[in-house]
Amino acid sequence: MGRNRRTEPPQTPRGSQQTQSQGPMDSFLQPTPGSGGEAVDPRSAPSSPASSMGTEHSALDRISEELRSIAASMATKTDLLTLTTTIQDALRAEMAGIRTEVTAQGSRIEALEHSTEAQSNRISATDVAVSRQGEMLLDMRRHLEDLDNRGRRCNIRVRGVPEAEGEEDAEEVLTGLFNMLLQEEAPHQFEFERAHRATRPRLPEDGPRDLICCLHSFPVKDSIMKRARERPEWTYRNAQVSLYNDLSPLTLTARRALRPVTTALRDRHVNYKWGFPFALMARHQDGWISARWPAEIPCFLETLGIPPIPVTNWVLGPVGQVPRPQRAPRRCREGSPPRQLPRRRMDPGGQAE
């Protein structure tokens, strides 16, 4: 009995229904109560045409108003055209400024390129001029060296002759030495243009100063030097004496720089001699080969079959004598005048001593 009962939903009295907010379409979609309190389907329930049309028109009006408000808030074609025009104008202004700046930069770069090209041409011309001037200076130096040596061609430098305590006659000392070398039966009286000691300060630790003389006759000087070259040293007044040609400082510097080369030539029994203007000449096959500049030494050695020898560049190296170490100055007594240093003089050949 109890299983055949149907449970019916509780019915809510009409007065107890809660009032809810309804929208414009809720009244149309909400079902109307039928007889007996049951909901009636709107499609089956009869309704008046006037009421339904009014409700539908009110809902459509509200929707259209909302759509119109949305459409009114949206940008129009005119607004879009105005915005586009504004953006284009701003871009044109910016592009015009950039174009002006790029044009100015291009002009500056072009001016810099022209300036750089001009500077490059000037530097190239300056390098050529400096190179030519360097060659001219080397030629002038070589000619000056040759003129200096020609001015000393009658000079003889004697090294090792002891100095007398008092005054000495340089011509008398040299006359006795030359007569001993020539071994003539009758003593020969030589004509000296000048004869003197080297003009450097006399220092006991440096040994005797050189005797320098200039003979009046070059053949007489040449005969003395030929005899002196037979031995490196000669005994005179109980001292070992050597005779040398008086040469310019440039020539002496070059010969010192080429000393390793001349040593190698002597070890291989290669005949060599010095040329004027300065040149190192060596015998090769049926002729002579020469080297005048430091850059020619490698080819000179290769031609003679000698391994490479490092040689100091005498053209760019220091010229002249090695400076002597300076001594401590002497203390002067109170009230005494300061001691004056001796003035350096030039020898008659033009060489400072």
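Everything discussed here concerns the structure shown above.
Here the structure is a predicted model, which is why all the values come from computation and not from measurement.

1. What to know about helix H3 (residues 77-151)
Under the 1.5 Å per step criterion, the end-to-end length of H3 is 108 Å for 75 residues, consistent within 8% with the ideal 111 Å. Regarding H3, the residues found buried are Arg 142, Glu 145, Asp 146 and Asn 149. Looking at the buried side of H3, the elements it contacts are helix H6 (249-257).

2. What about the sheet that holds strand S6 (residues 234-236)?
Overall, antiparallel pairing links the 5 strands, which are arranged S4-S5-S3-S7-S6 in an open sheet. In this open sheet, the two edge strands, each paired with only one partner strand, are strand S4 (192-197) and S6. Within the sheet, the average angular offset between the axes of one strand and its neighbour, ignoring direction, is 30°. Where strand S3 (residues 155-159) lies against strand S5 (residues 211-215), 4 bridges are found, and the strand directions are antiparallel.

3. Re the nonpolar core
Core analysis: the biggest nonpolar cluster contains 21 residues, and Ile 156, Val 158, Leu 177, Phe 178, Ile 224 and Leu 243 have the highest contact counts within it. Elements represented by at least two residues in this core include exactly S3, helix H4 (170-182), S5, helix H5 (218-228), S6 and strand S7 (239-245). The element contributing the most residues to this core is H4, with 6 residues. The contact partners of Ile 156, leaving out residues within four places of it in the chain, are Phe 178, Leu 211, Ile 212, Cys 213, Leu 215, Lys 221, Ile 224, Met 225, Leu 243 and Tyr 244. With 19 residues, the next largest nonpolar core counts Ala 254, Val 261, Val 270 and Phe 300 among its residues.

4. Quick word on the packing of H3 against H6
At a minimum axis separation of 8 Å, H3 and H6 run at an interaxial angle of 105°. Our classification of the angle between H3 and H6 gives roughly perpendicular. For the pair H3 and H6, the contacting residues are Arg 141, Glu 145, Asp 148 and Asn 149 in the first and Pro 249, Leu 250 and Thr 251 in the second. Its residues placed into classes, the contact of H3 with H6 shows 2 nonpolar, 2 polar and 3 charged.

5. Some thoughts on the packing of aromatic side chains
Evaluation of the coordinates by the stated rule reveals 6 aromatic pairs. Taking the centre distance of 6.4 Å and the plane angle of 85° together, the rings of Tyr 272 and Trp 274 count as edge-to-face. Of the residues examined, Tyr 272 reaches a relative accessible area of 26% and is grouped as partly exposed. Relative to Trp 314, the ring of Phe 278 lies with its centre 5.9 Å away and its plane at 70°, an arrangement referred to as edge-to-face. Of the two residues, Phe 278 sits in the loop between strand S8 (272-275) and strand S9 (279-284) while Trp 314 sits in the segment after helix H8 (297-303), which places them 36 residues apart along the sequence. The exposure classification of Phe 278 matches that of Trp 314, with both residues buried. Through pairs of rings, three or more aromatic residues link up here, namely Tyr 272, Trp 274, Phe 278 and Trp 314. Just above the ring of Phe 218 sits the side chain of Arg 153; from NZ or CZ to the centre is 5.2 Å. Here Lys 273 stacks its cationic end above the ring of Trp 288, 4.6 Å away from the centre of that ring.

Rules of the game
- Residue numbering note: each chain is counted from 1, following its sequence as written.
- Where totals are concerned, whole chains, interfaces and linings use all residues; where local detail is concerned, this predicted model gives features only for residues with pLDDT of at least 70, and gives and counts side-chain atom pairs only at 80 or more.
- Side-chain numbers come from the whole structure's heavy atoms, not from hydrogens or water.
- To qualify as a helix, a DSSP run of H or I must reach at least 4 residues; to qualify as a strand, a run of E must reach at least 2; elements of each kind are numbered from the N terminus.
- Helix span is expected to be 1.5 Å times the residue number reduced by one.
- The classification of residues rests on relative accessible area computed with a 1.4 Å probe and restricted to protein chains. Under 20% of the type maximum is buried, over 50% is exposed, and intermediate values are partly exposed.
- Throughout, a residue-residue contact means that at least one pair of heavy atoms, one from each residue, lies within 4.5 Å.
- In short, DSSP must find at least two bridges between two strands for them to pair.
- Axis lines are fitted to C-alpha atoms, over the contacting stretch for helices. Their N-to-C directions set the angle, which ranges from 0 to 180 degrees.
- To define a nonpolar core, start from buried Ala, Val, Leu, Ile, Met, Phe, Trp, Tyr and Cys residues and group those joined through side-chain atoms within 4.5 Å.
- An angle counts as roughly parallel when it lies under 35 degrees, as roughly antiparallel when it exceeds 145, as roughly perpendicular when it falls between 65 and 115, and as oblique in every other case.
- Gly is put with the polar residues, along with every residue not named as nonpolar or charged; the nonpolar set is Ala, Val, Leu, Ile, Met, Phe, Trp, Tyr, Cys and Pro, and the charged set is Asp, Glu, Lys and Arg.
- In this analysis, rings of Phe, Tyr and Trp, with Trp reduced to its six-membered ring, are considered paired at centre separations within 6.5 Å, and the interplanar angle assigns stacked below 30 degrees, edge-to-face beyond 60, and tilted for intermediate values.
- The criterion is that NZ of a Lys, or CZ of an Arg, lies within 6 Å of the ring centre and within 35 degrees of the ring normal, and then a charge sits over that ring.

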